[in-house]
Amino acid sequence: MGFQYTGAMLRLLVWVAFLLGCCHGRFLVEKNGLKVTAPDDLKGTYECAIGNFGVPQYGGTMVGFVAYPKANRKTCKSFDDFDISYKAKPGAFPTFLLVDRGDCYFTKKACNAQNAGAAAILVADDKDEPLITMDTLEESGRADYLENITIPSALITKSFGDRLKKAIDNGDMINVNLDWREALPHPDERVEYEFWTNSNDECGPKCDSQIDFVKSFKGAVQVLEKKGYTQFTPHYITWYCPKAFILSKQCKSQCINHGRYCAPDPEQDFSKGYDGKDVVVQNLRQNCVFKVVKEHKKPWLWWDYVTDFAIRCPMKEKKYTKECADGVIKSLGLDHKAIDKCIGDPDADEENPILKAEQDAQIGKDSRGDVTILPTLVINNRQYRGKLVKGAVLKALCAGFRETTEPAVCLSEDIQTNECLENNGGCWQDKAANIIACKDTFRGRVCECPVVKGVKFVGAGYTHCEAFGSGRCEINNGGCWKDTRDGRTNSACTDDGCKCPDGFKGDGKHKCEDIDECKERTACQCKECKCKNTWGSYECGCIGGLLYIKEHDTCCCKNGATETGWSFLWVILFGVVAAGVAGYAVYKYRIRRYMDSEICAIMAQYMPLDNKGDVQSHSHHIEM
């Protein structure tokens, strides 16, 4: 009687065969830095392994203090059962909860820590060994809470954990800085990344989250690809069947090309549903779609195909077929013949160049370890760890750009850290005008004075910001004093700052007080003056019917004297007019005499004048 292999045993054998065939590869644990700044005897930088769940703050840092619970130290139960809370109060450091490994899954510990208010979770190993990657295991069943984990997680060594616990027992406050800035390389202005995925949609929560991620991430990644900010490549993991089992029913149903390329049964049941070879063929088809669209210089169309296939051709509806895939390819206007040629013959007893290249790519090279977890992102040749959601992944991609070269999408609200939601991130704010200096970025929050309606605010950002330049008074009056009384408004706002207006004194920012010119004797102080103070000014009059001259702060000229003065002015005016008339008459007389003398001189040349008797007459004789 022959020995019958179960599906689980065969999967194990396939996996062992893969490992044996790839003995020169290795799995690398992705790490980030943990820096202790206090107490002195613990100061230093330590390594910790990034968990494969939660949201690591790629490109940024987090500061907090370490707490070790007195009860529920393995954090396998809710802290509500112990009436313990780690929610940070306004202005307080966030809590990094130190917990012990064991008794439950890492994800369960992270969920309980997050619900208790912890900002991050540090899991202390329970044995001396190299750091490992905390993963989300399929054996955990329906872990609905998995998608809700947003805090970062890290595994620390047993020896370091013991030192932290001892310091806490001694009453020391342990200040820690978690640093992800170097978790991903960022050498230049372009990010290169790989997405190791699978077309199978019957693997539980992991498959569901992967499909949701592809749908939500498609728009952002296509923008990055079209503008040349990123270079993307999809990959698919395949295994091979050991030669001794190639002719077995299991290998025939799970593999193509005579056992060379295999995938696990989607439903974990060989007797129903789709087979592993169906998944391998569809994975190959998706890979060929990418190859063809890349040749046409439109690699971003791969995301359209994968998204549409997941929506239109799910296994649950029995549509995971070649016919459905061909319909998607046709609807997108892709080169159907080129894709079929790339796929080749799945029944041929020969290597498929596309799938062979995929198996070779699984082996780790340089700084990247073997790819053994699905799905996996590899960014700048470093494996991404954390929650597979749009914001977290986009943040990690952005961390791969050299600083100051990030595209605009990296500064959008899609990947904000939301640190500003808690106590405004500790930055300056003007509640009255609803203006804050806190700005969320993928590298963490920054306290930076804003620009509002074209008006720039300047200052430290942490403690104060002040509007600067023209237009500043239009926004909350420039943060200066302003008041209205009796229909009259006075403001201390100027283009240069806050300065109390004339008639007031104070700092100009918080208050301006009316100056009592009458009391302080700064105006209306002449002997005959009478003074009345008003808000921001004064009123001055004179006694005895005198008139007040403000420019000289004096009283003069009684009303009667004024009338006399006007009469005197009229006399002078009449005198001036009379003098003008007399002058004009003299002028006319002189002009006339001059003209008369000229006429007399002319006429004297032709006839004797009565008053010129002594002038001789001359006769002129004309001979005929």
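Residues numbered from 1 in each chain as written. Predicted model: local features only at pLDDT ≥ 70, side-chain atom pairs only at ≥ 80, totals over all residues. Heavy atoms only, no water.

**Quick look at the overall build of the protein**
Applied cut-off: The way it works is that DSSP assigns letters per residue, a run of H or I at least four long becomes a helix, a run of E at least two long becomes a strand, and they are numbered from the N terminus. Surface accessibility follows the Shrake-Rupley procedure with a 1.4 Å probe radius. Residue values consider only the protein chains on display as shielding.
Scanning the protein from N- to C-terminus turns up 12 helices and 30 strands. Carbon and sulfur atoms provide 53% of the accessible area of the protein, an area that totals close to 34800 Å².

**Considerations on the state of the cysteines**
The following threshold applies: Defined by distance alone, a disulfide is two cysteine sulfur atoms within 2.5 Å. Exposure categories follow from relative accessible area, calculated using a 1.4 Å probe and restricted to protein chains: below 20% of the type maximum is buried, above 50% is exposed, and the middle band is partly exposed.
Counting across every chain of the model gives 14 disulfides. Covalently, Cys241 is tied to Cys251 through a disulfide, its sulfur atoms 1.6 Å apart. Measuring handedness by torsion sign, the sulfur bridge of Cys241 and Cys251 sits at about 65 degrees and is right-handed. Note that Cys241 is positioned in the loop between β9 (230–236) and α5 (249–254) and Cys251 in helix α5, a separation of 10 residues in sequence. One disulfide in the model links Cys427 with Cys447; its S-S distance is 1.9 Å. Judged by the sign of its S-S torsion, about -70 degrees, the bond between Cys427 and Cys447 is left-handed. Linking Cys427 in the loop between α11 (390–399) and β14 (429–430) with Cys447 in strand β17 (residues 444–447), this pair joins segments that are 20 residues apart in sequence. Like Cys427, the residue Cys447 is buried in the burial classification.

**Overview of the packing of aromatic side chains**
Our working definition: Stacked, edge-to-face and tilted are the three classes for Phe, Tyr and Trp ring pairs, Trp counted by its six-membered ring, which pair at centre distances within 6.5 Å; planes under 30 degrees apart are stacked, over 60 edge-to-face, the rest tilted.
Considering all chains together, one arrives at 17 aromatic pairs under this definition. Each ring, one from Phe195 and one from Phe213, has its centre 5.6 Å from the other, and the planes form 75 degrees; the classification is edge-to-face. Highlighted residues: Phe195 in strand β8 (residues 191–197) and Phe213 in helix α4 (residues 205–226), separated in sequence by 18 residues. Phe213 carries the same exposure label as Phe195, and that label is buried.

**What about α4?**
Quick note on the threshold: To estimate how far a helix should reach, multiply one less than its number of residues by 1.5 Å. One axis is fitted to the seven residues ending at the residue and one to the seven starting there. The bend at that residue is the angle between these axes.
Its 22 residues give α4 an end-to-end C-alpha distance of 31 Å, which sits within 8% of 32 Å, the value for a rise of 1.5 Å per residue. Considering bend angle alone, the principal kink of α4 is centred on Lys218 and spans about 50 degrees.

**Considering the pairing of strand β1 (residues 31–38)**
The condition that has to hold: For two strands to pair, DSSP has to find at least two bridges joining them.
Across six bridges, the pairing between β1 and strand β2 (residues 44–50) is antiparallel. Within β2, the position partnered with Lys35 by the bridge is Thr45. Adjacent in sequence and paired antiparallel, β1 and β2 are bridged by five residues. Pairing geometry for β1 and strand β7 (residues 175–179), over five bridges, is antiparallel. Pairing of Val36 across the sheet is with Val176, part of β7.

**Section: the sheet that holds strand β20 (residues 466–468)**
Taken together, the three strands give an open sheet; going across it, the order is β18-β19-β20, and neighbouring strands pair in antiparallel fashion. Only two strands of the sheet have a single neighbouring strand rather than two, namely β18 (451–452) and β20. Inspection of the sheet shows strand β19 (residues 455–458) paired to β20 by three bridges, in the antiparallel sense. Bridge pairing in β20 links Lys456 to Phe468.

**Observations concerning the nonpolar core**
How we decide: What makes a nonpolar core is a set of buried Ala, Val, Leu, Ile, Met, Phe, Trp, Tyr and Cys residues whose side-chain atoms join them at distances within 4.5 Å. Any two residues whose heavy atoms approach within 4.5 Å at even a single point are treated as in contact.
Membership of the largest hydrophobic core comes to 84 residues, with the highest contact counts inside it found for Leu34, Ile174, Leu178, Tyr193, Phe195, Phe217 and Trp303. Here this core takes nine residues from helix α6 (residues 276–295), the largest share from any one element. With residues up to four places along the chain from it excluded, the contact list for Phe217 reads Tyr193, Trp303, Lys390, Val393, Leu394 and Leu397.

**Describing the packing of α6 against helix α10 (residues 353–361)**
Using the following cut-off: What counts as an axis is a line fitted to C-alpha atoms, over the stretch in contact for a helix, and the angles between N-to-C directions run from 0 to 180 degrees. Put simply, angles under 35 degrees are roughly parallel, angles over 145 are roughly antiparallel, angles from 65 to 115 are roughly perpendicular, and the rest are oblique. Ten residue types, Ala, Val, Leu, Ile, Met, Phe, Trp, Tyr, Cys and Pro, are classed as nonpolar, four, Asp, Glu, Lys and Arg, as charged, and the remainder, Gly among them, as polar.
Relative orientation of the contacting elements α6 and α10 amounts to 95 degrees, with a least axis distance of 10 Å. The angle between α6 and α10 places the two elements in the roughly perpendicular class. When α6 is examined against α10, the residues Val280, Leu284, Asn287, Cys288 and Lys291 are found in contact with a partner set consisting of Ile354, Leu355 and Glu358. Among the residues forming the contact of α6 with α10, the class breakdown is five nonpolar, one polar and two charged.

**Brief notes about the sheet that holds strand β12 (residues 376–379)**
Pairing is mixed across the open sheet formed by four strands, whose spatial order is β9-β8-β12-β13. The strands lining the two open edges of the sheet, one partner per strand, are β9 and β13 (382–383). Here β12 runs beside β13; their pairing, made up of two bridges, is antiparallel. The residue bridging Ile379 from the neighbouring strand is Arg382, located in β13. Strand contacts of α10: β8 and β9, with the helix running at about 100 degrees to β9, the strand carrying the most contacts.

**Points about the pairing of strand β22 (residues 488–491)**
As paired strands, strand β21 (residues 482–485) and β22 are joined by four bridges and run antiparallel to one another. When the sheet's bridge partners are listed, Lys482 is paired in β22 with Ser491.

**Structural notes on the pattern of salt bridges**
The condition that has to hold: The rule for a salt bridge is simple: a side-chain nitrogen of Lys or Arg has to be within 4 Å of a carboxyl oxygen of Asp or Glu.
Evaluated as defined, the whole model comprises 18 salt bridges. The residue Arg402 makes a salt bridge to Glu189 at a minimum N-O spacing of 3.3 Å. In this pair, Arg402 sits in the loop between α11 and β14 while Glu189 sits in the loop between β7 and β8, placing the two residues 213 residues apart along the sequence. Judged by its relative accessible area of 37%, Arg402 falls in the partly exposed class. Linking Glu192 and Arg190 is a salt bridge whose minimum nitrogen-to-oxygen distance equals 2.7 Å.

**Structural notes on the side chain of Asn352**
Let me state the cut-off plainly: Polar contact criterion, stated in full: a pair of N or O atoms within 3.5 Å, where within protein one must be able to donate a hydrogen and the other to accept it, and residues adjacent in sequence count only if both atoms are side-chain atoms.
Along the chain, Asn352 turns up in the loop between α9 (336–343) and α10. Relative accessible area serves as the criterion here: at 6%, Asn352 is assigned to the buried category. At a separation of 3.0 Å, a polar atom in the side chain of Asn352 contacts the main-chain carbonyl oxygen of Ile343. Residue contacts for Asn352: discarding those within four places in its chain leaves Asn257, Tyr261, Leu284, Cys342 and Ile343.

**Looking at the side chain of Asn72**
Mapped onto the secondary structure, Asn72 falls in the loop between β3 (61–67) and β4 (95–100). For Asn72, a relative accessible area of 13% puts it in the buried group. Of the polar contacts made by the side chain of Asn72, one reaches the backbone nitrogen of Cys76; its length is 3.5 Å. Among the polar contacts made by the side chain of Asn72, one reaches the main-chain carbonyl oxygen of Lys77 at a distance of 2.7 Å. Not counting residues within four places of it along the chain, the set of residues in contact with Asn72 comprises Lys77, Ser78, Phe79 and Phe82.

**Topic: unusual backbone geometry**
Glycine aside, negative phi is the norm for most residues, and most peptide bonds take the trans geometry. Each neighbour pair has its own omega, and for Ala38 with Pro39 the value is 5 degrees, a cis peptide bond. We note that Asn381 has phi near 65 degrees; this positive angle belongs to a residue other than glycine. For Asn381, the position within the fold is in the loop between β12 and β13. Classification of Asn381 by relative accessible area gives partly exposed; the value is 29%.

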